[in-house]
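Fold and geometry: a report
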Amino acid sequence: MNNMDANAQASRGHWRRGNFLTRRTPWVRHALGAALVGCFVQPAASQQQIVHRVVSADSGWQANGNRLLRGMQIRETDLMSADTAGDLILECSPQNELRLYSCAKGACKKVSVCSTSGQANPGVVERPIGKLMWSLTSLLTREPRQPVLAAARAGGDPNDAVLRLDPPRLHLGPALTRVLEGRYCFLLGGLPSSSTSPATVTLDWDRAVDSEGVSQATGVAPGLYSFQKGTPMGGSCQADADGATAWVLIAGSDGFASLDTIWKEQSAIAADLERSGASRSAVATVRHAALAALAERITRR
Amino acid sequence: MLPAFVRRLTPRQAGRWISTALITLIVSVASQYPDFRGVFAGVVGGVSNRYLSWTSPLGSTEIATVAIDDDDYRRFFDARSPLDPVAVVGLVETLRALRPAVLGVDLLTEDDAYKDWPQGRAMKEAFTTQQRPDVSSVPVVWAASAQSSTEAVGFFGWLFGGQDEIVVIPGSVLGTAAREDRPDWGIPIFPLDDDRTVRRLPRSWLNRERDDIASTNTFARAVAWRYCRTRSCHDHEGADEVLLTFGRSSSLRTYSVRDLLECGESTLPVGASGTCRNWRLKVDATGRAWSNTILLIGGTFSASRDAYPSPAGESTPGLMLNALGIRAEIEGPTLVESSKLFGLVLDIVVGLIVGYLFKKPGKSLRWKTWASLLLIFPAFLLSVGLFFWLDMLWVTWVVMLVSSMAWNVVIENLSHHDHPSNTSGPVRKSTPMLERTTVSDTEIQAGDTQSHA
């Protein structure tokens, strides 16, 4: 039984005895504090995660300097612009409402994404597209078939990384820098090695659609894990026979930013070491030691 | 000046003609719609697969592929991901020493590590400034990474010849951005047909980074262009796409890395696994003549997931598709997108004539069938010869027959409804439709009597 289960059981015991609030145990105070913080933090966190999808975009449209393509995702906080005249259709979450942005003369700047404030964007005609109209239009259009890029990337295994856990969502993207698009499962084994079976998460990896690689990971707690790619086989995960195992440090949203910054600095040093001719196994040892040291910080907290 | 037979038409006959023509047009347009939605994708795909599997170009362009297969991946790259940049760059440099006509690298090298490795920089300088006299005559073309999408055309645009456009944001080569002004790269992009199979290769794509200008930097075309600079090749200007043909050809050779190269003893003991950073050509490799060969290196190891469904099988390596694409760029066959409107007009005209033939009195069913087939066959050849487009191979046949039958049914009903004798009395036998429309009602009666007699 893990700590969370034990806590939950203890909580139920207190509740039955009717002294949930009268007993001022430290964990109750922590839980209350966390709940209060959660009330304020959770809406902000979920708001940050709202992403919208590009249904179609004429050539001039871009967001944060990147040209928009069909299927891309953009965040509510992003700002769009169009340097030439053209239309953009977004599917706005969470209602999945279709919205048309039409830049008539070009040079449309700082266009907000799926804004609900009603604030007008200068030079842009913005209007929702009715479901009926969309249905009729879809009769005369067809779903485009995405082309394939027939080249071998230099590899396909996960890399060592620090991952953000936003329960129950785990952001796998940083560990999948070299992994090709596709449907995968990943085995997360606790480190140091334990007897418990590894947790499994699955992901339809498409960096053009979701560069964060957000996957549902219930029951995964912050900590250090071995990370192995595999193929979903029915209900199980078949690890790649030749796949290399990476190490990932899973950090909660609160501590992720600082840990990630430190990790990037340390992995740059490891990269320098590799360039200077050090063997791969030696470099991997350095990387893993750095991740283990960062994991210690989480444990101390 | 209207033709005489038109001037002789009564208002009722003229109305019948117009309504019939409208219904025929609507039926014909509607019959194109299932094709637009991909209803025939399975049938067309199956027939196309047979055709492409049997066909092979007659040319003799020598193409050889060098594949990093699973064994090579374990033996020379330690089954590690990403592939060691020094090992990859060294491998390319060593193969370049074979002095092939062109060396194509079907490995994506967008990783920043390539930018940082001194060997990578030296190689890039060699490409741009041609500083290495010993190997400078061997052009190397790299596959570039990209983000790609397809912009679909609507039904009416499609009917008038519009096609889906491939839109691309080019990525990088050897860790640096792929720029249009450099010819040493191309994007190995392949569209999927309606049944999600690779059969063709576009000759250009739209560069979203540069206001959707059409770029000709496909990987196959870039390699073919380099190859044809010093040789006489067919000019395929005007062709929109090339077809990948999978028939057996002696001009296509396949090697694994270990067939041509071995690892230098200083880094890897013989038979051991690890990362090879010191490549050496085998005697077998150096003993052959490569000067007329396009050498293509890529990865077929399973971790690369570079395999796609094609007429050759469910998992055709991307390396093979690129080799076939290069061959098609040089030797053909090419595809010119035809207007569906042409197919539509062809359908209507042939449908009319076939309908007329079947209504023609005094001829046996066998005669009518052969006459119809003889008519459809030249129309088929016409569509194939002038506008070679796979969709038209079978869809046209189907639509021709459907529109022909629909046309007959419509005419039959109209004439049946209009004729005074049909309001009461016995059911009247059918009459030749075109004859009936060019003569008066009285003459029809007489004609009927004669023909029945």
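The structure this text deals with has already been given above.
Read on for a plain summary of the structure. (Residues numbered from 1 in each chain as written. Chains lettered and ligands numbered in written order. Predicted model: local features only at pLDDT ≥ 70, side-chain atom pairs only at ≥ 80, totals over all residues. Heavy atoms only, no water.)

**Details of helix α5 (residues 85–96) of chain B**
If you check α5 of chain B, its first and last C-alpha atoms are 16 Å apart, about what 12 residues at 1.5 Å a residue would give, namely 16 Å. Burial of α5 of chain B is extensive: 12 of the 12 residues sit out of reach of the surface. (Helix = DSSP H or I, 4+ residues; strand = E, 2+ residues; numbered from the N terminus. Expected span 1.5 Å × (residues − 1). Buried < 20%, exposed > 50% of the residue type's maximum accessible area, 1.4 Å probe, protein only.)

**Focus on the pattern of salt bridges**
All names here are of chain B. Per the counting criterion, the structure on display carries 20 salt bridges over all chains. One salt bridge connects arginine 75 with aspartate 71, and the closest N-O pair in it is separated by 3.6 Å. With arginine 75 and aspartate 71 both in helix α4 (residues 70–77), this residue pair falls 4 residues apart, about one helical turn. Among the residues examined, arginine 75 registers a relative accessible area of 32% and is labelled partly exposed. Close ionic contact of arginine 203 with glutamate 329 constitutes a salt bridge, the shortest N to O distance being 3.0 Å. Of the two residues, arginine 203 sits in the loop between β10 (200–202) and β11 (205–207) while glutamate 329 sits in helix α12 (residues 318–331), which places them 126 residues apart along the sequence. (Salt bridge = Lys/Arg side-chain N within 4 Å of Asp/Glu carboxyl O.)

**Structural notes on the state of the cysteines**
Applying the stated criterion across every chain yields a total of 5 disulfides over all chains. Put simply, cysteine 185 of chain A and cysteine 237 of chain A are joined by a disulfide, and their sulfur atoms are 1.9 Å apart. The sign of the S-S torsion, about 85°, decides the handedness of the disulfide formed by cysteine 185 of chain A and cysteine 237 of chain A: right-handed. With cysteine 185 of chain A in strand β14 (residues 182–190) and cysteine 237 of chain A in strand β18 (residues 236–239), this residue pair connects regions lying 52 residues apart in the sequence. Given a relative accessible area of 16%, cysteine 237 of chain A falls into the buried group. For cysteine 263 of chain B, the disulfide goes to cysteine 276 of chain B, at an S-S distance of 2.1 Å. The disulfide joining cysteine 263 of chain B to cysteine 276 of chain B has a torsion of about 110° about its S-S bond and is therefore right-handed. Of this pair, cysteine 263 of chain B sits in strand β15 (residues 261–263) while cysteine 276 of chain B sits in the loop between β15 and β16 (279–281); the two residues are 13 residues apart in sequence, bridging distant segments of the chain. Accessibility classification places cysteine 263 of chain B together with cysteine 276 of chain B in one group, the buried group. When the cysteines engaged in disulfides are numbered in sequence order, chain B pairs them as 1-2, 3-4. (Disulfide = S-S within 2.5 Å.)

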